[in-house]
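Structural features, examined
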Amino acid sequence: MACRCCMRLALLALLGVAVVSANTFLEKAPEPVPDPFDQVALLDRFEEALGSGQRQATEARLKDITEALAHTFATLPKNERGAVGTAGARYAIHRLFVQRHGWQVQGVAPEGETWSSSSPVAALGEGVPGHVQDLLDKRFGSHGLDLHELAVLAATLENMIHAEAIQSLEATYKVYGESTEGMLDEASTERIVDSYMQAYVLGHNMSELTRQMVDRTYSRMDRILPLWQQTREFLRDVQREVAPGLSAFSFADVTRIVEAVSERYGQHQDSVECEDIQQKLLQLEEVGGTGRVKLHDFYASVRKHRFWQFREHPEFLKQAGVLDDSDPSSPRVIIPNYFNMPSNCFNPPTALYAICCIDKCEALIDHVESEIQAPHATPERIVRVVSALPSASVPANRTLHQELVARLERVAQQHDGVVPLHGRLFSQWMHFAYPRECPYPHAAGTTKLMSSEEWSQATGMKVSLMLADLERYVEQLHPVTEPTDWWQQQHGQHQVPPQHACDEETGTCMAMWQDVEELVDAGHWDITRKANQHVEGASSVGTVMLRALMLLAFVASSVMAIGGFVQQAHESFSASLTPGSACIKPALSKSTNCFV
């Protein structure tokens, strides 16, 4: 009995050690270090600079914007206090405004450079005093931004844009001789909103216009903007939704309409004008679903299909990162890169932002983030998520091409077996996984995103080709000879021609692949990765110890069971040899098992 008790105590001790070891090595990473900078203090800083009205408007938007930022924030690398750096903050705010409104906010959009090239505070522009910006830059640079602070900065930017819309509306009232203290009937309200909108889409500063100028432009809007009537229908829909059933409108009522219009116009433009561009490009797409249009077909469509907008100079397209010239004999237009080109944006009368086509890759990336919920993942995890993720042109539950999977594994080899979700290589991989939706990410500094006007001023050339120039390019690019023959004609018979850019059978165009990584925030990535590796290492050691202790416990339990069986057998056998034992029976009687 004493031996059995000792064994049981040993077993309990081993199990106790196992539980303690498991808790020690499998415990969660420590919670983020609290920031001594009070969250409310950031709102206080903006209130000092912009007024109490700005604070109230910011607080009203915080919940919605915080929820919208949550997925991206959760997957960005962070510092020791669980905050993102200024590069990560700039990246998150840019994506927020692109997804919500189609806004490319000045000072936030990368414009062909790295995300760390400037601070998101720069987007505040002249709306915030320089000393406040310097204070925020210093603070964010040393401490980073948590989710609340990131949302406050984004909400402040959004409110500043709305403040400009209200100023333009006040100027529109002034042009029409209306008082902001009075009431407007429905017809007058519609005319005010229409005139506000015509200045908005044409980039005119309403405060510089007269009533005569506004009326003259209004009478010509159908010719200036072919989709103007659809825009007016959009305005009436917003008005009915925001101010239903009203027959008289106060300035506050009209302000709510205009604010809703400015927030939703990007979505409206995307569904009408941008969708028109997308469908035309897909009509011209080469065989195989590569997300590319041969430059010859692109230019030829002007005369053949009357696609009048496809007339950009090839040098302009190249500088904007739109051309795939990996096969020099047949340059191609990359559909999502053309779709997201600055020349397809328009600039409202503001220095804060431009309205552009909504990047169709954003929804796909957002879904991947919501599934992964970490700054990185293994190739196997990403393949499972992406294989199941459909797009407008790709079905769900597909089998990814073997070459595509191999490229992702190669990315992981550069990062100790995992793939950073916010880096150039993963963005490049997503382009090849969704060639019609996700733009090809050129290395920083290799492209220059410029408006048509900026490019013309810089080069002295016109962006749009004349019809004669178009015909000349169509003739030059016409595939009258085989690509190999064309290459040798241009470079000599002894030159080896490049491989074809695209495999038409598989739809892959991997010739543009470059093993150049550019992380959104390399510094915080290193911090996050080291912390994760520490936790993973501790978990691994804990798991090994737990298994070893469980094995010891099993051995001890087995020894105890065997010992008990032997002891019982010994006692039974001894009893059977004792005179008068119940186990000694007459010779003819059946033997009894005394071991039971």
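Because the structure is a prediction, the values reported are computed rather than measured. (Residues numbered from 1 in each chain as written. Predicted model: local features only at pLDDT ≥ 70, side-chain atom pairs only at ≥ 80, totals over all residues. Heavy atoms only, no water.)

**Some details on the overall build of the protein**
Applied cut-off: Labels follow the DSSP assignment, with helices taken as runs of H or I lasting at least four residues and strands as runs of E lasting at least two, numbered in each case from the N terminus. The contact definition used throughout considers only heavy atoms, calling two residues in contact when any of these lie within 4.5 Å. Computed with the Shrake-Rupley method and a 1.4 Å probe, the accessible areas treat only the protein chains shown as cover for residues.
Helix and strand counts for the protein come out as 22 helices and nine strands. Restricting to contacts in the protein with at least 6 residues of sequence separation, those with at least 24 account for 72%. Carbon and sulfur atoms provide 55% of the accessible area of the protein, an area that totals close to 29900 Å².

**Brief notes about the environment of V368**
Going by this rule: Exposure categories follow from relative accessible area, calculated using a 1.4 Å probe and restricted to protein chains: below 20% of the type maximum is buried, above 50% is exposed, and the middle band is partly exposed.
Assignment of secondary structure puts V368 in helix α15 (residues 361-372). Exposure remark for V368: the relative accessible area of 2% places this residue in the buried category. In this structure V368 touches V385, V386, L389, L421 and F426, once residues within four positions along its chain are discounted.

**Examining the state of the cysteines**
Rules: By disulfide we mean two sulfur atoms from cysteines, separated by a distance within 2.5 Å.
Taken as a whole, this structure holds three disulfides when the rule is applied. Disulfide partner of C345: C356, at an S-S distance of 2.0 Å. Between C345 and C356 the sulfur-sulfur dihedral comes to about 110 degrees; the bridge is accordingly right-handed. A residue pair is termed long-range when its members are at least 10 positions apart, and C345 in the loop between α14 (335-339) and β7 (353-355) and C356 in the loop between β7 and α15 qualify at eleven residues. Accessibility assignment for this pair places C345 and C356 in one class, buried.

**Some words on the environment of A122**
Structurally, A122 can be placed in the loop between β1 (103-105) and α5 (130-143). By relative accessible area, A122 is classed as partly exposed at 40%.

**Notes on the packing of helix α17 (residues 402-413) against helix α18 (residues 424-433)**
For clarity, the cut-off: Lines fitted to C-alpha atoms define the axes here, with helix axes fitted over just the stretch in contact, and angles between the N-to-C directions of these axes take values from 0 to 180 degrees. An angle below 35 degrees is read as roughly parallel, one above 145 as roughly antiparallel, one from 65 to 115 as roughly perpendicular, and any other as oblique. When residue character is reported, Ala, Val, Leu, Ile, Met, Phe, Trp, Tyr, Cys and Pro are called nonpolar, Asp, Glu, Lys and Arg charged, and the others, Gly included, polar.
For the pair α17 and α18, the least separation of the axes is 10 Å and the interaxial angle reads 175 degrees. Comparing the axis directions of α17 and α18 gives the class roughly antiparallel. Counting all contacts with α17, which are made through L404, R407, L408 and V411, the residues of α18 involved are L425, F426, W429, F432 and A433. Considered class by class, the residues forming the contact of α17 with α18 number eight nonpolar, no polar and one charged.

**Structural notes on a negative patch on the surface**
Rules: Within the patch definition used here, like charges are joined within 9 Å and nonpolar side chains (Val, Leu, Ile, Met, Phe, Trp, Tyr) within 5 Å, considering only residues with over 30% relative accessible area and no salt bridge. A carboxyl oxygen of Asp or Glu within 4 Å of a side-chain nitrogen of Lys or Arg is what we treat as a salt bridge. Under the convention used here, Asp and Glu are negative, Lys and Arg are positive, and both His and the chain ends fall outside the count. To locate a charge, take NZ of a lysine, CZ of an arginine, CG of an aspartate or CD of a glutamate.
Together, E111, E113, E453 and E454 give the surface a local cluster of negative charge. The topology assignment puts E453 in helix α19 (residues 452-459).

**As for the packing of aromatic side chains**
Here is the rule we go by: Aromatic rings from Phe, Tyr and Trp, with only the six-membered ring used for Trp, were paired whenever their centres fell within 6.5 Å, and each pair was classed as stacked if the ring planes differed by under 30 degrees, edge-to-face if by over 60, and tilted otherwise. For a ring to carry a charge above it, either NZ of a lysine or CZ of an arginine must fall within 6 Å of the ring centroid while also lying within 35 degrees of the normal to the ring plane.
All told, the structure shown has 19 aromatic pairs when counted by the stated rule. On the numbers, 4.8 Å between centres and 25 degrees between planes, the contact of F298 with F310 is stacked. Here F298 is found in helix α12 (residues 295-304), whereas its partner F310 is found in the loop between α12 and α13 (314-319), with twelve residues between them in sequence. Each member of the pair, F298 as well as F310, carries the same accessibility label: buried. Here R398 stacks its cationic end above the ring of Y434, 4.8 Å away from the centre of that ring. Directly above the ring of Y473 sits R472, whose terminal nitrogen or CZ lies 4.9 Å from the centroid.

**Observations concerning the nonpolar core**
We apply this condition: To define a nonpolar core, start from buried Ala, Val, Leu, Ile, Met, Phe, Trp, Tyr and Cys residues and group those joined through side-chain atoms within 4.5 Å.
Residues L124 and Y200 are the most contacted members of the largest nonpolar core, which totals 74 residues. Counting residues per element, this core draws most heavily on helix α6 (residues 147-175), at 14 residues. If we ignore the near neighbours within four places in the chain, the residues touching L124 are F46, Q133, L136, L153, T156, L157 and M160. If you look at the next biggest cluster of nonpolar residues, it comprises 32 residues, including L364, V368, L400 and W513.

**Overview of unusual backbone geometry**
With a phi angle near 60 degrees, R306 is a residue other than glycine that sits in the positive phi range. The residue R306 is located in the loop between α12 and α13 in this model. A positive phi angle, close to 55 degrees, is found at D416, a residue other than glycine. As for its position among the elements, D416 is in the loop between α17 and β9 (419-420).

**Observations concerning the pattern of salt bridges**
Taken as a whole and assessed by the stated rule, the structure comprises 28 salt bridges. R81 is the partner of D146 in a salt bridge, and the nearest nitrogen-oxygen pair spans 3.6 Å. Within this pair, whereas D146 is found in the loop between α5 and α6, its partner R81 is found in the loop between α3 (52-75) and α4 (86-101), the two being separated by 65 residues in sequence. Given the relative accessible area of 14%, D146 is considered buried.

**Brief notes about the packing of helix α7 (residues 186-202) against helix α11 (residues 251-284)**
Rule in force here: By definition, any crossing whose near helix is turned counterclockwise from its far helix by less than a right angle is left-handed, and any crossing with a clockwise turn is right-handed.
Running from N to C, α7 and α11 cross one another at 35 degrees; their axes reach a closest spacing of 11 Å. In this structure, the crossing between α7 and α11 has a hand that is right-handed. Touching T189, V193, Y196, M197, Y200 and V201 of α7 are V254, I257, V258, V261, S262 and Y265, all from α11. Residue classes in the contact of α7 with α11 are distributed as ten nonpolar, two polar and no charged.

**Focus on the sheet that holds strand β4 (residues 292-294)**
Rule in force here: Pairing between strands requires that DSSP locate at least two bridges from one strand to the other.
What the three strands build is an open sheet, ordered β4-β6-β5; its pairing is antiparallel. Strands with a single pairing partner mark the edges of an open sheet, and in this sheet they are β4 and β5 (323-324). Bridging between β5 and strand β6 (residues 332-334) involves two bridges; their strand directions are antiparallel. Considered in β6, the bridge of D324 is made with R332.

**Comments concerning the confidence of the model for the protein**
Rule in force here: How sure the predictor is of each residue is captured by pLDDT, a score from 0 to 100.
Across the protein, the average pLDDT comes to 82, with 76% of residues at or above 70. Overall, residues 2-30 carries pLDDT values under 50, and its contacts beyond four positions in sequence, including any with other chains, amount to 26 contacts. Every residue in residues 33-37 is under pLDDT 50, and counting partners more than four places away or in other chains gives nine contacts.

**Observations concerning α17**
Rules: Multiply 1.5 Å by the residue count of a helix minus one, and that product is the helix's expected span. Directions are taken from the helix axis to each C-beta atom, and the arc is the one they span.
Its twelve residues place the ends of α17 17 Å apart at the C-alpha level, agreeing with the 16 Å of an ideal helix rising 1.5 Å per residue. Residues of α17 that are buried include every one of L404, R407, L408, V411 and A412, and no others. Considered in projection along α17, the buried side chains sweep an arc of 145 degrees and stay on one side of the axis. In α17, the exposed residues that point more than 90 degrees away from the buried face are Q402 and Q413. In this fold, the buried residues of α17 make contact with α16 (379-388), β9 and α18.

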